[in-house]
Amino acid sequence: MHYSILSIIANAVTGQKLWSPAWRDAKPKPAYDVVIVGGGGHGLATAYYLAKQHGVRNVAVVEKGWIGSGNAGRNTTIIRSNYGLPGNIPFYEWSMKLWEGLEQELNYNAMVSQRGVLNLYHSDPQRDAYARRGNAMRLHGVDAELLDREQVRAMLPFLDFDNARFPIQGGLLQRRGGTARHDGVVWGYARAADRLGVDIVQNCEVTGFLREGERIVGVETTLGPIRAGKVGLAVAGNSSRLGRLAGLRLPIESHALQAFVSEGLKPLIPGVVTFGAGHFYVSQSDKGGLVFGGDIEGYNSYAQRGNLPVIEDVCEGGMALMPLIGRLRLLRSWGGLCDMSMDGSPIIDRAPVAGLYLNAGWSYGGFKATPASGWCFAHTIARDEPHPVSAAYRLDRFATGHLIDEKGVGAQPNLH
Amino acid sequence: MRIPCPYCGPRDAHEFSYLGDATLRRPDPAAPDAATAFHDYVYLRDNPAGTHEELWYHGGGCRSWLVVTRNTVTHAITDARFAKERS
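Residues numbered from 1 in each chain as written. Chains lettered and ligands numbered in written order. Predicted model: local features only at pLDDT ≥ 70, side-chain atom pairs only at ≥ 80, totals over all residues. Heavy atoms only, no water.

(A) Main features of the overall build of chain B. Counting secondary structure elements, chain B contains 1 helix and 6 strands. Ordered by position from the N terminus, the helices and strands of chain B form the series β-β-β-α-β-β-β. A principal-axis box enclosing the C-alpha atoms of chain B has dimensions of 45 × 25 × 20 Å. A separation threshold of at least 6 residues defines the contact pool for chain B, and within that pool the share at least 24 residues apart is 45%. In the structure as shown, chain B presents an accessible area of about 4,800 Å², 49% of it carried by carbon and sulfur atoms. Looking at chain B, you have 10 positive and 11 negative side-chain charges, and the mean spots of the two groups are 7 Å apart. (Helix = DSSP H or I, 4+ residues; strand = E, 2+ residues; numbered from the N terminus. Contact = heavy atoms within 4.5 Å. Areas by Shrake-Rupley, 256 points an atom, 1.4 Å probe, with all protein chains shown as cover. Lys, Arg positive; Asp, Glu negative; His and termini not counted. Charge placed at Lys NZ, Arg CZ, Asp CG, Glu CD.)

Below, the structure written as structure tokens:
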């Protein structure tokens with residue numbers, strides 16, 4: 001059913017009996033043109049754009065748990081395109097543009113809220129670096145404003161401006177950035193893909209690949225073999241595990257990243273704020289809780305949870321930025337798995353094995369990329385060539401030296 | 001997470017710094033395939049879900065480099081020994 005004011009009225013007068021499930025819980029067919037492994041935001045978006053943009057509708061998304069149960073449900077829901085390198089800016093800006101039209105496109109409320117993303121700077125050199133990044137963004141047609149201390153104070157009067165070590169001097173603001181509802185994004189793409197004929201197969205774990213000669217021609221799953229013309233991996237966090245099943249050794253380490261939510265408050269923080277002198281970022285959910293996070297745990301992990309030292313570190317960052325956070329009670333914390341690529345940038349490419357395509361290495365920044373990741377991965381799968389805005393995300397860039405070191409840290413824990 | 005340091009005994013992971021996979025070996029720079037070997041050494045990782053041998057430095061204690069065997073799924077540590085005793 002198309003969601004609209006008319007569908008609400010029709011259901012209101014008929015006892016809410018006309019609603020149908022948003023997507024079918026499909027059983028796998030023996031064969032598809034394309035099988036996408038991983039039912040998170042990226043995998044579902046890929047399936048949707050394959051069907052919508054490329055007319056490839058005989059597609060299955062196979063997910064080992066339920067859709068959105070991995071990193072799509074474990075992030076801090078921030079969307080932004082305030083990157084500074086040529087390989088990154090066009091991609092993330094394309095993602096931002098897709099976010100801006102996402103709800104009309106999907107006919108689903110993903111609660112996209114362009115409430116602004118503010119990166120604070122605390123020193124003269126940091127202001128210079130942010131000014132340069134803002135200029136690079138504007139040259140690519142992305143909005144960026146460099147704010148001074150008083151402009152920041154007008155927005156966020158409760159910050160610790162005169163902190164002895166890290167006084168706040170100003171910030172770089174992207175007003176079009178903001179947040180989106182992570183579950184809404186997953187469900188919206190799932191519903192829209194389903195309406196175009198995509199099969200969403202849940203509780204179906206891939207245990208191996210079907211091969212004919214060198215070529216991969218399908219997947220072995222816990223629900224039996226599924227043949228496929230092409231197989232796409234969108235399993236960030238577990239890319240190395242799935243890659244190994246296909247005989248690949250990837251430039252990726254899996255690390256856990258924690259996120260936190262406080263008890264609910266009245267409206268306090270208008271947008272997303274990041275601390276420039278430590279690793280701490282915070283926004284306020286529509287329910288009122290402060291959603292915040294910081295660094296990865298710093299050691300290889302496939303456990304979807306973290307340890308106490310990072311919680312202490314994140315809360316210290318929060319206290320340095322906004323001392324009022326010390327009065328709040330922490331409601332929950334959780335962890336997700338990050339595909340930490342060696343330069344911190346993603347990989348959207350054909351794998352060195354025929355029939356296999358890779359969408360991996362999203363490090364701790366995959367959520368904001370969801371629409372463009374799906375768009376570009378679908379393009380790569382359908383046409384066997386990279387999309388222009390994701391052309392830099394090659395798997396072989398580590399061998400050729402074309403690294404995209406936006407932050408220059410990657411998986412190396414002592415650089416964070 | 002507590003790491004059983006062979007010198008100091010079990011200590012909080014907070015006292016340690018992590019370096020990563022302990023099974024990597026620096027390739028011979030004079031070998032004919034050195035470029036490929038260094039690419040693999042610098043960038044590629046096994047990244048196993050399960051038993052992982054990894055290097056930790058006990059900077060908040062005895063300042064020893066350790067090779068710790070840890071399960072990356074459960075974080076359970078089954079072995080910790082001095083790195084210098086290894087090779």
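(B) Structural context of the interface of chain A and chain B. If you look at the interface, chain A gives 25 residues, while chain B gives 23 residues. Of the roughly 2,200 Å² buried between chain A and chain B on both sides combined, carbon and sulfur atoms contribute 51%. Looking only at chain A, the three residues that lose the most surface to chain B are Arg249, Asn300 and Tyr302 of chain A, adding up to 31% of its buried area. Connecting chain A to chain B are 2 salt bridges. (Buried area = accessible area lost by both parts, 1.4 Å probe. Salt bridge = Lys/Arg side-chain N within 4 Å of Asp/Glu carboxyl O.)

(C) Region of interest: the side chain of serine 69 of chain A. Residues and elements named next belong to chain A. Position of serine 69 among the secondary structure elements: in the loop between strand S2 (59-62) and strand S3 (78-79). Among the polar contacts made by the side chain of serine 69, one reaches the main-chain carbonyl oxygen of tryptophan 66 at a distance of 2.7 Å. When sequence neighbours within four positions are dropped, the list of residues in contact with serine 69 reads Glu63 and Arg74. (Polar contact = N/O pair within 3.5 Å; in protein donor to acceptor, adjacent residues only side chain to side chain.)

(D) Focus on the sheet that holds strand S4 (residues 117-121) of chain A. Residues and elements named next belong to chain A. Taken together, the 8 strands give an open sheet; going across it, the order is S5-S6-S4-S13-S14-S15-S12-S16, and neighbouring strands pair in mixed fashion. At either end of the open sheet lies a strand with only one pairing partner, and these are strand S5 (145-148) and strand S16 (330-341). Recorded for the sheet is a direction-independent mean angle of 25 degrees between the axes of neighbouring strands. As paired strands, strand S12 (residues 252-264) and strand S15 (residues 289-300) are joined by 6 bridges and run antiparallel to one another. The residue of S15 that forms the bridge with histidine 255 is asparagine 300. (Pairing = 2+ DSSP bridges. Axes fitted to C-alpha atoms, helices over the stretch in contact; angles between N-to-C directions.)

(E) View of the pairing of S4 of chain A. Residues and elements named next belong to chain A. Among the 5 residues that make up S4, 5 are buried, leaving the element largely enclosed by the rest of the structure. Covered by surrounding structure in S4 are Val117, Asn119 and Tyr121 together with Leu118 and Leu120, the residues of both alternating faces. Both S4 and strand S6 (residues 170-174) contribute to a ladder of 5 bridges, which runs antiparallel. Bridged to asparagine 119 within S6 is leucine 172. (Buried < 20%, exposed > 50% of the residue type's maximum accessible area, 1.4 Å probe, protein only.)

(F) Expanded view of the packing of aromatic side chains. Overall, the coordinates contain 23 aromatic pairs over all chains when judged by the stated rule. Look at phenylalanine 398 of chain A and tyrosine 43 of chain B: their rings are 5.2 Å apart centre to centre, the planes differ by 50 degrees, and that puts the pair in the tilted class. Of the two residues, phenylalanine 398 of chain A is situated in helix H11 (residues 397-400) and tyrosine 43 of chain B in helix H1 (residues 34-43); the pairing between them involves two chains. Each member of the pair, phenylalanine 398 of chain A as well as tyrosine 43 of chain B, carries the same accessibility label: buried. Every member of this aromatic cluster is reached through a ring pair, and the members are Tyr48, Tyr49, Trp94, Tyr189 and Trp375 of chain A. A cation over a ring is seen here: arginine 133 of chain A above tyrosine 130 of chain A, with NZ or CZ 5.1 Å from the ring centre. Across the ring face of tyrosine 3 of chain A, the terminal group of arginine 191 of chain A is positioned such that the distance to the ring centre comes to 3.6 Å. (Phe/Tyr/Trp six-rings, centres within 6.5 Å; stacked < 30°, edge-to-face > 60°. Lys NZ or Arg CZ within 6 Å of the ring centre and 35° of its normal.)

(G) Region of the structure containing a nonpolar patch on the surface. On the surface, a nonpolar cluster with roughly 810 Å² of combined accessible area is contributed by Met1, Ile5, Leu6, Ile8, Ile9, Val13, Leu18 and Trp19 of chain A. Judged by its relative accessible area of 34%, tryptophan 19 of chain A falls in the partly exposed class. (Patch = residues over 30% accessible without salt bridge, like charges linked within 9 Å, V, L, I, M, F, W, Y side chains within 5 Å.)

(H) Up close: the sheet that holds strand S3 (residues 17-21) of chain B. Residues and elements named next belong to chain B. Spatially, S3-S4-S5-S6 is the arrangement adopted by the 4 strands of the open sheet, whose pairing is antiparallel. Each edge of the sheet is formed by a strand with only one pairing partner; in this case those strands are S3 and strand S6 (77-82). Along the sheet, successive strands turn relative to each other by an average axial angle of 25 degrees, direction set aside. The pairing of strand S4 (residues 51-57) with strand S5 (residues 65-71) spans 7 bridges and is antiparallel. Paired with glutamate 54 across the bridge in S5 is valine 68.

(I) Here's a closer look at the environment of glutamine 412 of chain A. For glutamine 412 of chain A, the position within the fold is in the segment after H11. Here glutamine 412 of chain A falls in the partly exposed class, since its relative accessible area comes to 27%.

(J) Just the packing of helix H2 (residues 41-54) of chain A against helix H10 (residues 370-383) of chain A, in detail. Residues and elements named next belong to chain A. For the pair H2 and H10, the least separation of the axes is 7 Å and the interaxial angle reads 55 degrees. As summarised for this structure, H2 and H10 are arranged oblique, according to the angle between their axes. Considering only the axes of H2 and H10, their crossing is right-handed. Between H2 and H10, the residues in contact are Gly41, His42, Ala45, Thr46, Tyr49, Leu50, Gln53 and His54 and Thr370, Pro371, Ser373, Gly374, Trp375, Phe377, Ala378, His379, Ile381, Ala382 and Arg383, respectively. In terms of residue class, the contact of H2 with H10 is built from 9 nonpolar, 9 polar and 1 charged. (Parallel < 35°, antiparallel > 145°, perpendicular 65-115°, else oblique. Left-handed = near helix turned anticlockwise from the far one by under 90°. Nonpolar A, V, L, I, M, F, W, Y, C, P; charged D, E, K, R; others polar.)

(K) Looking closely at the side chain of glutamate 253 of chain A. With respect to the element layout, glutamate 253 of chain A can be found in strand S12. Overall, glutamate 253 of chain A belongs to the buried group, its relative accessible area being 5%. One polar contact links glutamate 253 of chain A to histidine 255 of chain A, side chain to side chain, over a distance of 2.9 Å. In this structure the side chain of glutamate 253 of chain A is engaged in a polar contact, spanning 3.2 Å, whose partner is the side chain of arginine 45 of chain B. The residues touching glutamate 253 of chain A, leaving out its near neighbours within four places in the chain, are Asn300, Cys338, Asp339, Met340, Met342 and Ala411 of chain A together with Arg45 and Asn47 of chain B.

(L) Main features of the nonpolar core. Residue and element names in this part refer to chain A. In this structure, Tyr49, Phe91 and Tyr189 are the most contacted members of the largest nonpolar core, which totals 60 residues. Elements with a contribution of two residues or more to this core: strand S1 (31-37), H2, S2, helix H3 (89-100), helix H4 (102-106), helix H5 (124-139), helix H7 (182-195) and H10. The dominant element in this core, judged by the number of residues it contributes, is H2, at 7 residues. (Core = buried A, V, L, I, M, F, W, Y, C linked by side-chain atoms within 4.5 Å.)

(M) Structural detail: the pattern of salt bridges. All names here are of chain A. The full count for this structure, using the stated rule, is 25 salt bridges over all chains. With a shortest N-O distance of 2.7 Å, glutamate 212 and arginine 227 are connected by a salt bridge. Of this pair, glutamate 212 sits in strand S9 (residues 206-212) while arginine 227 sits in strand S11 (residues 224-233), and the two are 15 residues apart along the sequence. Across the pair arginine 397 and aspartate 343 runs a salt bridge whose closest N-O atoms are separated by 2.7 Å. Of this pair, arginine 397 sits in helix H11 while aspartate 343 sits in the loop between S16 and strand S17 (347-350), placing them 54 residues apart in sequence. When its relative accessible area of 1% is taken as the criterion, arginine 397 is described as buried. A network of salt bridges, in which partner residues are shared, links Glu93, Lys97, Glu100, Asp143 and Arg176.

This is a description of form; function is not addressed.
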